[in-house]
Each structure stands twice: as structure tokens, then as C-alpha cells.
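Read off the chains here:
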Amino acid sequence: MSCPRPTFGQRLARLSPFGIGHTKPKHFRDMLKVVWSNRDNLPYAWKILTRGVCDGCALGVAGLHDWTIKGTHLCMTRLNLLRLNTMPAMAPDALADVASLPRDNRDLRALGRLAYPLRRRKGEPGFTRISWDDALASIGQKIRATTPDRLAFFVTSRGVTNEIYYLAQKAARYLGTNHVDNAARLCHSPSTAAMKQTLGISASTCGYSDWFGTDVIVFFGSNPANDQPVSTKYLHLAKKRGTKIIIVNPYLEPGMQRYWVPSNLDSALFGSDLCDDWYAVSQGGDIAFLYGVIKHLDAAGLTDTTFLAEHTTGWEDIVTRARTLDWPLLEQAAGLPAGRMIAFAELIGHAKTGVFVWSMGITQHPWGADGVRMVLNTALARGFIGRDQCGVMPIRGHSSVQGGAEMGAYATAFPGGLAVNETNAANLTAHYGFEIPAWEGLAATEMVEACHRGELDVFHMVGGNFLRTLPDPDYVAEALQRVPLRIHQDIIVTDQMLLDPSDEVILLPAQTRYEQDDGGTETSTERRVMFTPEIPREVGETRAEWKILRDIALAAKPDPAGVFGCTTGQAVREEIARVVPFYDGVQHLRKTGDAFQYGGPHLCPGGVCPTSDGKAHLATIDLPPVGGRPDHVFHVSTRRGKQFNTLIYAEIDPLNNAPRDAVLMNADDAAKRHLKQGDTVTLHNPLGRYNARVHLAPIAPGNLQIHWPEGNHLIDRTRKDAGGGVPDYNALVELETA
Ligand code: SF4
């Protein structure tokens, strides 16, 4: 469905300064709320905004300026996170009686910063303050008493810096385990796997500046208006230079349809009509859709045959497979008529340049890595890689996840993203001076399953909240309550910390990225490694997160010879530069604005990939099972609203006016069931029931969307992508009307 572009007259008639009267974020009102909520510490808030690298998404900004466009770079996601950095310490006895505490994470957050080490033993009503020495001694003793295969570390993406990821993996491996994983496992691990196998790299091949003036940007299963808000400003400017913006998604996200960029006068007055065309693919239908596209690219002679011949292998097999798939099958699987797949193929087939962006609508499926491979196959069919205004881009919603696997905080990768095997373990052993295990560790979801089976004795979680982020919360709660020692290292309290101890739960108070000694670095979606300086602030007895991990490693296994190293933040960066060669330069970053884009503007320059033969290895993908769907059964997907990860900021999503209990539904589907806006329905499947209110939306027929994490009760925790381990955050449900 084309998103109609207005004429000048229509545009004038649509004059609506700052979107007054429309469903959209109320930026200025919300800014005032932020000022009010930070009123006890405004000077510090200002220092963060003007000196720090944003701890929100992975678009990348230092202070108030980025590396892509002139002008101020700021959004509400960043402003809403400010309070985490300015709030005062929680009272040391605030968690003394767990039963009396709220379970809503918004209320727990309001208790203030976790400021002192706390311990709760089995049978105790709550947490008691202990010293750092006691905490470390207790943890060290428990780690020594177990074996490395029963010890695991998980690191969230919440404001975590590269230094913290690096120390997490080093501490884990120093203690003899590769059970170390990070939050990227739950979002882009299929991208990491598929890109590595196809291109030999696992990061965006291009930068944001390639968006400007490219013929076409395609967003697959992605909503940057919500996940990377300032990207709408980039898109507004790209459109001014003639770029077409295409959405392939079950839902036409309103923020991608029309957005008011407050810092751009033209956009602020008239709104920016971003989307040029919307392809309403059914949930999970992307592989079929792209097979249809490839089928037509081949039939119409629209592939870049020279590029394919010189720079790829495997294309003939893909085309052979595409030719065997008939249109009715592809239409059923994609949920779109053949004409739409042909239209998309014609559009990209005549584009000279293109950037393909994808997100969790592609990755969070049992065939997530295959979905990414098909995006890559299609981009490479047109030679959209390794040159200006071209590239493939897994967009990251959280500030630091790009660096997680690159620093080696990954069960299946050593620093540099190197595979876990004997050769790479031996090389890392030579770097570190201690033995590195060569076996692959447990991925994040596998860690929780191991907890449930009673196979972990010590589970150290740096941030995160598995109770909310993973499917099947009851199972997760059971699992976490079976670990003899649970360690939660964090800046605030979350409800998973309040789960009963099996033996002991220890809470370790962490500094924010801004407070940590010697500053830190973060890597953005476009591979830009950015320095955020130390902005000193003391909150109770909090410590830098990388230091805590180091302290634990040495408490468990004393290091009289000093082989562990990494005594300062700067020393950590110097070591990263030695161990991860493409991060060379990180050791020279010193102040706000210092940054470099590793690999240069384009990876795979000229189409030459860092694979064994320099070519992209295209993979022929099997079509996911295509089954009939009875009329009363729907595909339901989980989506984000006004929230940052599990931190929910508003009951109503300002981009589409949907309350947290909304179920987004196509108007025809609703009419068939005599449902109207606001009607109560129940979604159910063998895993659970979910009461929701109908919210009519431009969404593909047969598809529904509900908010995450509320809808996690309907999600099957056993359905995961084979390539990366990400859960399938979608389900089939029946719909019951009241
Ligand atoms: S768009 Fe992302 S990087 Fe930029 S200010 Fe917002 S949250 Fe921060």
C-alpha cells in the first residue's frame, strides 16, 4: 500500500505546528516533566547531556552533537533516562522486608539508587546491608566451592560500556568458564550469526550518512521512530534529497508514517511524511516475501549480474529455489499478493543505491537468522554493499549492545567476535597469561534453563531483568529461585531481585557509565567507538561495574603475580586495543567527542568481504512452514510502547495512542467479529490468557500486536532461533470476545 505523498496545497492545509491536535509525542510538555523529575540535581543532569555519550539507543551522540548532521541531537528517550543518573541513594534498609515492597518496577525504581551491598539469605524476610569485603569474600568462597561449568555471567545492555563487557568476559574466562553472554543474544544474535556466515563480519556495513541521497532505504521489521528517535530527523533530510523510504512490516508504524521533528522547522510545522510505501507482510512472512522479490528480480533481469559473479557464491542455488516456489504458495506465506512482491522488486531493481535496515521483526523468530540471510541475499542481488549510499544495517535499540560480542561477552565468541575453538582459545591464553577454556558456553536463555535444571551454583547478572524480558515468567521465576547464589549487580532495584533465595542473593551497587572511573566507551550501530568521560558523582558505596567484575574474579582466585591486569579504565582500553585489533585507537580516546568508526565508512569495500575467498557466501533458505490458519486464530507479536527495555514510561504510547493493554487489530478483522475500538477481548493459547482492549490499527489482516513484556505469558520459551538463540516473541492465539 502506497503512503500517498501530499501535494503542496494539501501540505499547506496540513500545517500543524508541532503536531498539535495529532497523536504524537508531546515533546515540550514531556521535557518539562523531565526537568521537574530531575529538579534535585539539574546541574548534574546538564553535565550528562552536554558531556556524555547517550545511554539510550545506539544511534550515537556525544554531548548534544553527533557525527552525521549539524545541529542539536536530543530525544525523549535520553531525557527519560536522565533520572536513573540523577536520583539519590536508596535507604540502606529499604529492602528489609521484601513482602511489603511493590512488585511494579516503576515503583521499585522510585526507591532510588541501589547504593550499598545487600544480602538476603534463605528464610530471611529481606536484605541486610553488608560491607564490600563481606560481599566479595562470600562470592569468592562460593565460586571456589563450585566448578567453572556451574558458574555463569550475564550482562545487560543498560548503559554498559565496552570496558564492562570486556571485563565480564575476562573475569568469566579467568575463572575457567565461557558461560558469559549479553543482552544482544535476545535481539540481534541471529544477525550476528547470519552476517558472519554470509559476509565475514557482524556489524553494519555502512553508516548513517549513507542514508542521505540513497535511492531507497528499506526498513524490515523495524520502527526507528520509537527505537532511535533522532533517526527520523535523518530520514526527513534524506527524503529532501530524494530518498524513498519503504516499510516492510505487518504494522504501518504511525511514527514512520508521519513524524514531527521538533528541532527541524519544516518538519515541526508540517510534519514529515516519511513512508513512501508500506508492504504489509504477515508476521513471519518475510522469507517468502523476499523469495518472491528474488523470483521477479531474476525473471525481469533486474539483478546485478556482474556484482553477483565477481563478489558472491551461491546465487544460482537461490534463484533455482525461487523458481520452484510458485506465486500462490509465496502469497499464502507472505500474506501479500504477488503484485506487491513484484512492485518491491521493480523498485529496488531500478534503484542504483539502497540501504537495507532490519530489526527484531526479522530476528525474533525460530528462523530469525534465515530471515537475515534473505535480507542479505536480496541486498547483494542488487550489489548494495561496500560503496557510498549502500549497505546492510542491523539497527540497535540499546546503546551498547554492538560492543558486547565484539568485546567477547558472548558464550560463542571471544574478543573480536572470534569463534570459540582451540586455536582462538590458545591465542587468547597467550594474550592473557592464563588458560582460556575452548568449549562454547551457555547462551542467555540456556543459562536460565540450566538454573531450572539445578545446573548452576553461581549466577552473576549485571543488570537486566529475566523475569520480564524472557518468555514464560513463571518458569523464569522458578529457575532463578533454584540458584544457590544469585548476584545482581545493578544501579536500581528490579523485581527479579526480590525472588526468594535458594541459599543467598547478593545485590552489588554499581556506578552509572558516567560515574565510572576513567570514563568509558560505547560502540554505535554504525561502528563508531565513542568516548564518554567520567562525570564524578558519589552515590553511597557504588563502584565502577568493570571494577566489580575484576574484584570478584580476584576474590575467587587471588592473583599474586598480577597477571589479570586491567587496573584502570585506561589500562582496559589499552588491552582492548591489543586483543581486538579493529578497536585499535580506543586507547587514544580521552574527551567528549573523541570517536572513530572502526573499519572506515564501509565494510566489505568494493564488495570484497573478509571471508576465506573474499566473496559473500549466499545461503539458500528453506521456506518456514506454511500452514492454513483458521479464521479464529491470529498471529500475535509483542511490541514496544513508550518504554526503554522493560522500563515503562507511559501507559499510553504517544505514537499511536495505544494503552498498555491494547491489542492492535485490523479494522476488517474487527468488523467481522463485530468489535469496535476499546472492546474487551481475551487472547489465549495453551500457555496462557491475556485480556486486552481492541485498538484499531493499519495492520496486516490476521495479525495482532500486544505490548511486551506484558504479553510474555503467551510466548513459548522453547521456540528459539537455531542460529542465534533469540526467543520467538510471537505466538498463535485464539481470540475470544466478551
Ligand atoms: S536517538 Fe538514541 S542516541 Fe540519540 S539522543 Fe535519542 S536515545 Fe540517545
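Preceding this paragraph is the structure being described.
Everything quoted here is computed from the prediction, not taken from an experiment.

**Student:** Explain unusual backbone geometry here, please?
**Tutor:** With an omega of 10°, the peptide bond between Trp708 and Pro709 qualifies as cis. Its place among the elements puts Pro709 in the loop between β30 (703-707) and β31 (730-737). Even without a glycine there, the phi angle at Cys566 is positive, about 55°. Here Cys566 is to be found in the loop between α25 (545-556) and α26 (569-579). Cys566 sits in the buried class, given a relative accessible area of 4%.

**Student:** How do you make sense of the nonpolar core when you look at a structure like this?
**Tutor:** When a protein is soluble and globular, its nonpolar side chains tend to lie buried together. Residues Leu199, Phe220, Phe289, Phe344, Phe459 and Phe466 are the most contacted members of the largest nonpolar core, which totals 150 residues. Excluding residues that lie within four positions of it along the chain, Leu199 makes contacts with Thr205, Leu376, Leu380, Ile385, Val392, Cys604, Cys609, Pro610, Thr611 and Ala616. Of all hydrophobic cores here, the second largest spans 31 residues; its members include Ile69, Phe219, Leu235 and Met256.

**Student:** Mind showing me how you'd approach helix α6 (residues 132-144) here?
**Tutor:** Note: α-helices contain 3.6 residues per turn, so residues at a spacing of three or four share the same orientation. Taking 1.5 Å of rise per residue, the 13 residues of α6 would be expected to cover 18 Å, and the 18 Å separating its terminal C-alpha atoms lies within 8% of that figure. Those residues of α6 hidden inside the fold are in contact with β1 (118-121), β3 (151-155), β15 (458-462), β16 (485-490), β17 (504-509) and α25.

**Student:** When you look at the packing of helix α13 (residues 286-299) against helix α16 (residues 327-334) in this model, what are you seeing that I'm missing?
**Tutor:** Helix-helix packing is described using two parameters, namely the angle between the two axes and the distance between the axes. Interhelical geometry of α13 versus α16 gives an angle of 145° and a closest axis separation of 8 Å. The chirality of how α13 crosses α16 is left-handed. Between α13 and α16, the residues in contact are Ala288, Phe289, Tyr291, Gly292 and Lys295 and Trp327, Leu330, Ala333 and Ala334, respectively. Looking at the contact of α13 with α16, its residues break down into seven nonpolar, one polar and one charged.

**Student:** Looking at this structure, I do not really get the site of the ligand. What am I missing?
**Tutor:** In the region of the ligand, the neighbouring residues are Cys54, Gly56, Cys57, Leu59, Gly60, Val61, His73, Cys75, Thr77, Arg78, Pro229 and Val230. For the shell around the ligand, a count of residues per class yields seven nonpolar, four polar and one charged.

**Student:** What am I meant to see in the sheet that holds strand β20 (residues 595-597) here?
**Tutor:** The pairing of strands in a sheet happens through backbone hydrogen bonds and is either parallel or antiparallel. Across the sheet, which stays open at both edges, the three strands sit in the order β18-β19-β20 with antiparallel pairing between neighbours. Each edge of the open sheet is held by one strand with a lone partner, namely β18 (520-523) and β20. Averaged over neighbouring strand pairs, the angle between their axes works out to 20° when direction is ignored. Where strand β19 (residues 528-532) and β20 come together, three bridges link them in antiparallel fashion. Counterpart to Val529 in the pairing with β20 is Phe596.

**Student:** How should I be thinking about the pattern of salt bridges in this particular structure?
**Tutor:** Once their charged atoms are close, side chains differing in charge can pair, the charge on each being opposite to the other. In this structure the tally under the stated criterion is 39 salt bridges. Of the charged contacts in the structure, one is a salt bridge between Asp622 and Arg321, with a shortest N-O distance of 2.8 Å. With Asp622 in the loop between β21 (616-617) and β22 (633-639) and Arg321 in helix α15 (residues 315-324), this pair connects stretches of sequence that are 301 residues apart. With a shortest N-O distance of 2.7 Å, Glu522 and Arg513 are connected by a salt bridge. For the pair shown, Glu522 and Arg513 are each scored as buried.

**Student:** Would you mind going over the packing of aromatic side chains with me for this structure?
**Tutor:** Both the distance between ring centres and the angle between the ring planes are used here to describe each pair of aromatic rings. Using the criterion set out here, one finds 22 aromatic pairs in the structure. Ring centres of Phe154 and Phe466 lie 4.6 Å apart, and the angle between their planes is 50°; on these two criteria the pair is classed as tilted. Placement of Phe154 in strand β3 and of Phe466 in helix α23 (residues 466-469) is noted, with a sequence separation of 312 residues between them. The pair Phe154 / Phe466 is uniform in exposure class, with both members buried. When the centroid spacing of 5.8 Å and the interplanar angle of 50° are considered together, the rings of Tyr279 and Phe289 count as tilted. Linking Tyr279 in strand β9 (residues 277-279) with Phe289 in helix α13, this pair joins segments that are 10 residues apart in sequence. Taken together, Phe220, Tyr279, Phe289, Phe344, Phe356 and Phe384 form an aromatic cluster joined through their ring pairs. In this structure, Lys295 packs its charged tip against the face of Trp327, placed 5.7 Å from the ring centre.

**Student:** Hey, could you run me through the packing of helix α22 (residues 444-452) against helix α24 (residues 473-480) in this one?
**Tutor:** Relative orientation of the contacting elements α22 and α24 amounts to 65°, with a least axis distance of 7 Å. Crossing hand, α22 versus α24: left-handed. Between α22 and α24, the contacting residues are Val448, Glu449, Cys451 and His452 on the first element and Tyr475, Val476, Glu478 and Ala479 on the second. Here the contact of α22 with α24 is composed, by residue class, of five nonpolar, one polar and two charged.

**Student:** Sorry if this is basic, but what is going on with the pairing of β22 here?
**Tutor:** The side chains of a regular strand alternate, first on one face of the sheet and then on the other. For β22, the tally of buried residues reaches six of seven residues, placing the bulk of the element in the interior. Pairing analysis gives five bridges linking β22 to β31, with the strands arranged antiparallel. When the bridges of β31 are listed, Phe634 appears paired with Val733. Two elements, β22 and β30, share five bridges in a ladder whose sense is parallel.

**Student:** In this structure, what is going on with the sheet that holds β30? I would like to understand it.
**Tutor:** Strands sit in the order β22-β30-β27-β29-β28-β31 around a closed barrel of six strands; the barrel is mixed. The average undirected angle you get between the axes of adjacent strands in this sheet is 45°. Where strand β28 (residues 680-685) lies against strand β29 (residues 688-696), six bridges are found, and the strand directions are antiparallel. Paired with Val681 across the strands is Ala692, a residue of β29.

The rules behind each value
- Residues numbered from 1 in each chain as written.
- Predicted model: local features only at pLDDT ≥ 70, side-chain atom pairs only at ≥ 80, totals over all residues.
- Heavy atoms only, no water.
- Helix = DSSP H or I, 4+ residues; strand = E, 2+ residues; numbered from the N terminus.
- Buried < 20%, exposed > 50% of the residue type's maximum accessible area, 1.4 Å probe, protein only.
- Core = buried A, V, L, I, M, F, W, Y, C linked by side-chain atoms within 4.5 Å.
- Contact = heavy atoms within 4.5 Å.
- Expected span 1.5 Å × (residues − 1).
- Axes fitted to C-alpha atoms, helices over the stretch in contact; angles between N-to-C directions.
- Left-handed = near helix turned anticlockwise from the far one by under 90°.
- Nonpolar A, V, L, I, M, F, W, Y, C, P; charged D, E, K, R; others polar.
- Near = heavy atom within 4 Å.
- Pairing = 2+ DSSP bridges.
- Salt bridge = Lys/Arg side-chain N within 4 Å of Asp/Glu carboxyl O.
- Phe/Tyr/Trp six-rings, centres within 6.5 Å; stacked < 30°, edge-to-face > 60°.
- Lys NZ or Arg CZ within 6 Å of the ring centre and 35° of its normal.

It is worth stressing that arrangement in space is one thing and function is another; only the former is reported here.
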